[in-house]
Amino acid sequence: MENFDFYNPTHIVFGKDRLKELNKLVAKDAKVLILYGGGSVKKFGTLEKVKENLKGRHIIEFGGIEPNPSYETLIKAVEIVKNENINFLLAVGGGSVMDGAKFVSLAANYKGDNPTKILSNVYVQASITESIPIGTVLTLPATGSEMNSGAVISYNHGKFVISSPLLFPKFSILDPTLTFTLPATQVANGIIDTFIHVVEQYVTYPVDARFHDRTAEGILQTLVEIGNQTIDNPEDYDARANLVWCATMGLNGLIRGGVPQDWTTHMIGHELTALFGIDHAKTLAILQPSVWQIRKEKKRKKLIQYAERVWNIVDDNEDRKIDLAIDKTRAFFEGLGVKTRLSDYGIDAGGIDEIIASLEKHGRTALSETKDLTLEISREILENAK
Ligand code: NZQ
Ligand code: ZN
């Protein structure tokens, strides 16, 4: 196992009927900006309940944060925070709203002349030493943003990862019943995003990290068990509660510190979203089987472990074992109603050229756990995903 730090200060408030605890989680004299998305929280009554439980506080609302939240939208919220002396941000929504709040939290304390620099420069991110505290009310289990310190912001045909230890939410309310209204396609996205977060921290090369490996395998098997159940029966509380907790634990640092990580699928996936507007998780479902096929030799040992321990595949032939595990993974995604080929989304050879050009523009030219995944190999992965 490699050396690591583990730091995660987020207070998780999990379960039914926990929204009323907002009243004790948020200071009575707080000036709160409530951030939300395109309106689902209004339509389904969550926003109303949130406001009711914050009565007495100075509250301003900021709606309209789009999926894959854009810099242009968020910078308007930064102005409100500055002009109104906001001292608490409450994100009510999915990953896009939580990530948007994180950007606002950092950008409101940026002293330079061009806040877009926060997006592409880790030194600028690290130079910001104060942030506005954030709380979240989760409505979509997927990204893990509710318990991590990262965010992904869209700007100028690119998606940029920001990260700072200041961005861990102070608290996150995870009430699985608030996710019952999600359409099936978003639940499938949540299952797949979580699945890929876990495999990008697990299917690399062995470092004898047994806790990490078995925790990863436990999350993956849980997702396989409850995937269709929670799509077909959205109000099955226990199935949904298991999805919510898997999503949170999949990307909160627990299985990351101490092991190699491969974020190839995410990095190429971000270009697909930025260029073609494909949902984040759907890009991952297209790419992951292909990444494994192309990187089979590099990942051989962990792919065999994945085949044996997650899919219970018994076969004397290692190659057959790996191939079957990849086939089963693809079938799992397709069984959730998510297509797994570029052609399913209308992306042809010209599209692949555009993706490669974007990867180059964004400096994503040495990907993977071994940093040797070049643009040529990214092209192979994309060709193989047609
Ligand atoms: O905008 P509204 O009207 O709220 O509708 C949303 C949106 O259209 C809807 N929705 C959310 N909760 C709902 C609901 N509809 C009905 N009932 C509910 N309870 O779902 C749609 C998608 O929402 P979004 O927040 O965009 O989805 P998700 O949570 O999958 O977030 C995706 C974003 O997170 C980033 C992605 O890149 C993408 O921008 N990620 C963030 C990460 C992180 N912070 O650590 C890691 C991830 O890998 C990922 O990159
Ligand atoms: Zn993701």
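Quick caveat: nothing in here was measured; it's all calculated off a predicted structure. (Residues numbered from 1 in each chain as written. Chains lettered and ligands numbered in written order. Predicted model: local features only at pLDDT ≥ 70, side-chain atom pairs only at ≥ 80, totals over all residues. Heavy atoms only, no water.)

Side note on the site of ligand 1
For ligand 1, the set of nearby residues contains 33 residues, the closest of which are Gly38, Ser40, Gly95, Ser96 and Lys159. Gly38 is positioned such that a nitrogen or oxygen atom in its backbone is 2.7 Å from an oxygen atom of ligand 1. Asn148 places a polar side-chain atom, nitrogen or oxygen, 2.9 Å from an oxygen atom of ligand 1. Within the complex, 88% of the 960 Å² of free accessible area of ligand 1 lies under protein. Broken down by secondary-structure element, the contributors of at least two residues to the shell around ligand 1 are helix H5 (95-107), strand S6 (150-155), helix H8 (184-200) and helix H11 (264-276). (Near = heavy atom within 4 Å. Polar contact = N/O pair within 3.5 Å; in protein donor to acceptor, adjacent residues only side chain to side chain. Areas by Shrake-Rupley, 256 points an atom, 1.4 Å probe, with all protein chains shown as cover. Helix = DSSP H or I, 4+ residues; strand = E, 2+ residues; numbered from the N terminus.)

Structural notes on the sheet that holds strand S3 (residues 58-62)
Hydrogen bonds along the backbone pair up the strands of a sheet, which may run parallel or antiparallel. As summarised here, the arrangement of the 6 strands in space is S1-S8-S5-S4-S2-S3, forming an open sheet in which the pairing is parallel. The outermost strands of the open sheet, each flanked by one partner alone, are strand S1 (11-14) and S3. Here the average twist between neighbouring strands, direction ignored, is 15 degrees. Pairing analysis gives 5 bridges linking strand S4 (residues 88-93) to strand S5 (residues 134-138), with the strands arranged parallel. What sits directly across from Leu90, in S5, is Gly135. (Pairing = 2+ DSSP bridges. Axes fitted to C-alpha atoms, helices over the stretch in contact; angles between N-to-C directions.)

Thoughts on the nonpolar core
Among the nonpolar cores identified, the biggest contains 42 residues, and Ile191, Ile192, Phe195, Val199, Leu220, Tyr306 and Trp311 are the most heavily contacted of them. Every element with two or more residues in this core is listed here: H8, helix H9 (210-232), helix H10 (237-250), helix H12 (280-294), helix H13 (300-310) and helix H14 (318-335). Per-element tally for this core: the top contributor is H8, with 8 residues. Setting aside its immediate chain neighbours within four residues, Leu220 contacts Phe195, Val198, Val199, Tyr202, Tyr306 and Val310. Formed by 36 residues, the second largest nonpolar core is a distinct cluster that contains Ile60, Phe62, Ile65 and Leu119. (Core = buried A, V, L, I, M, F, W, Y, C linked by side-chain atoms within 4.5 Å. Buried < 20%, exposed > 50% of the residue type's maximum accessible area, 1.4 Å probe, protein only. Contact = heavy atoms within 4.5 Å.)

A short note on the coordination of the zinc ion (ligand 2)
For the zinc ion (ligand 2), the full set of protein donor atoms is Asp193 (OD), His197 (NE2), His266 (NE2) and His280 (NE2), and the range of their distances to it is 2.0 to 2.2 Å. Read from N- to C-terminus, the donor residues coordinating the zinc ion (ligand 2) fall into the pattern D-x3-H-x68-H-x13-H. Within this pair, Asp193 and its partner His197 are both found in helix H8, separated by 4 residues, close to a single helical turn. His197 sits in the buried class, given a relative accessible area of 3%. (Donors = N, O, S within 2.8 Å, 3.2 Å for Na, K, Ca; no water.)

Limitation: the analysis is restricted to geometry and does not speak to function.
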